[in-house]
Amino acid sequence: MLLKDKVALITGGAGPNGLGFATARMMAEQGARIVILDLAQADPAGAAARLGPQHIGVVADVTDKASCELAARTVLETCGRIDVLVNNAGITQPRKTVDITGADYDAVLDVSLRGTLYMSQAVLPAMRAQKGGAIVCISSVSAQRGGGILGGPHYSAAKAGVLGLARAMAREYGNDNVRINCVTPGLIATDINKGLIPADRMVGILEQIPLNRIGGPDDVAGCVVFLASDLARYCTGVTLDVNGGMLIH
Ligand code: NAD
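This is a predicted model, so every value here is computed, not measured.

K.L.:
How do you make sense of the packing of helix α3 (residues 65–79) against helix α4 (residues 102–129) when you look at a structure like this?
P.N.:
The packing of two helices is summarised by the inter-axis angle and the distance between the axes. Contact geometry of α3 with α4 gives a least axis separation of 8 Å together with a crossing angle of 35°. Here α3 runs over α4; the crossing is right-handed. Between α3 and α4, the contacting residues are Lys65, Cys68, Glu69, Ala72 and Leu76 on the first element and Tyr118, Met119, Gln121, Ala122, Val123 and Ala126 on the second. Considering only residue class, the contact of α3 with α4 consists of eight nonpolar, one polar and two charged.

What follows is the structure, given as structure tokens:
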């Protein structure tokens, strides 16, 4: 068991087909007690119940600082500690540069980048006090190659911001034995892109992926579990590419 008796909080983890829920399930299999944090309409309590009675769901909006702080306090009161945070909540929008409105920019950056900052701020004091913790942030290949498949430039910017934020936090908290790392998924089949890529376009996309397939949520979850576990105890500030070789650099 890689995460025995650890408490792991996963933001945006309620969607049954998403990276967050796959990560939650795999972490639960590795012995962790799971806290699924998501918006009310995503029903995080229902998602946690699907994993088993010891797991809990918390309603919170990662774009709201007070909501993040309340969520962290609730977890600390219920579970006594927070060992792992996965900053997974994110939204995307297909947009061309000149079409990005201020509202579009706010929506996309607020969930991925502001949300990663606020949730990290909410858990870091507890991790520092317990002299240990692991934060894994979900960025994207879009941050590295300048555009993914569906997201606009503001999405690339948000996910590139996550990489910078995570690396800076990793420097700041290394001395407290808190490790902060990122994964950069390529194209993974989830609800965020379901039905949005026409078959003819998919042929071209697959030609660019040496492993010759689209990823599945478990492909990412395994790497998140690794980074959260003691197997990665000497890794901090790392960016782990999970893209089938789409971007070999
Ligand atoms: P998803 O839509 O299934 O999951 C996103 C989750 O975030 C949802 O459960 C949603 O309710 C939640 N969420 C949205 N706004 C929130 C908020 N304000 N507060 C709390 N939760 C909120 O999509 P997914 O593909 O599983 O995406 C998970 C992460 O992986 C995202 O950050 C996404 O950008 C990233 N990602 C996905 C892919 C891919 O190809 N699927 C590739 C690279 C990166």
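K.L.:
Please clarify how the packing of helix α1 (residues 19–29) against helix α2 (residues 44–51) should be interpreted in this entry.
P.N.:
Contact geometry of α1 with α2 gives a least axis separation of 10 Å together with a crossing angle of 35°. In this structure, the crossing between α1 and α2 has a hand that is right-handed. Contacts between α1 and α2 involve Phe21, Ala24 and Arg25 on the former and, on the latter, Ala47, Arg50 and Leu51. When the residues that make up the contact of α1 with α2 are grouped by side-chain class, the tally is four nonpolar, no polar and two charged.

K.L.:
I'm lost on the pairing of strand β2 (residues 33–38) in this one. Help?
P.N.:
Consecutive side chains of a regular strand alternate in pointing toward one face of the sheet and then the other. Burial analysis of β2 places five of its six residues in the buried class, the great majority of the element. As defined by bridge partners, strand β1 (residues 7–11) adjoins β2 across five bridges and the pair is classed as parallel. Opposite Ile10, over in β2, you have Ile36 as the bridge partner. Each parallel crossover has a hand, and the one from β1 via α1 to β2 is right-handed. Two strands pair when backbone bridges link them, and β2 and strand β3 (residues 56–59) are joined in this way by four bridges, in the parallel orientation. Looking at β3, one finds that Val35 is bridged to Ile56. Following the backbone out of β2, through α2 and into the adjacent parallel β3, one traces a crossover that is right-handed.

Criteria and thresholds
- Residues numbered from 1 in each chain as written.
- Predicted model: local features only at pLDDT ≥ 70, side-chain atom pairs only at ≥ 80, totals over all residues.
- Heavy atoms only, no water.
- Axes fitted to C-alpha atoms, helices over the stretch in contact; angles between N-to-C directions.
- Helix = DSSP H or I, 4+ residues; strand = E, 2+ residues; numbered from the N terminus.
- Left-handed = near helix turned anticlockwise from the far one by under 90°.
- Contact = heavy atoms within 4.5 Å.
- Nonpolar A, V, L, I, M, F, W, Y, C, P; charged D, E, K, R; others polar.
- Buried < 20%, exposed > 50% of the residue type's maximum accessible area, 1.4 Å probe, protein only.
- Pairing = 2+ DSSP bridges.
- Right-handed = clockwise from strand over helix to strand, strands pointing away.

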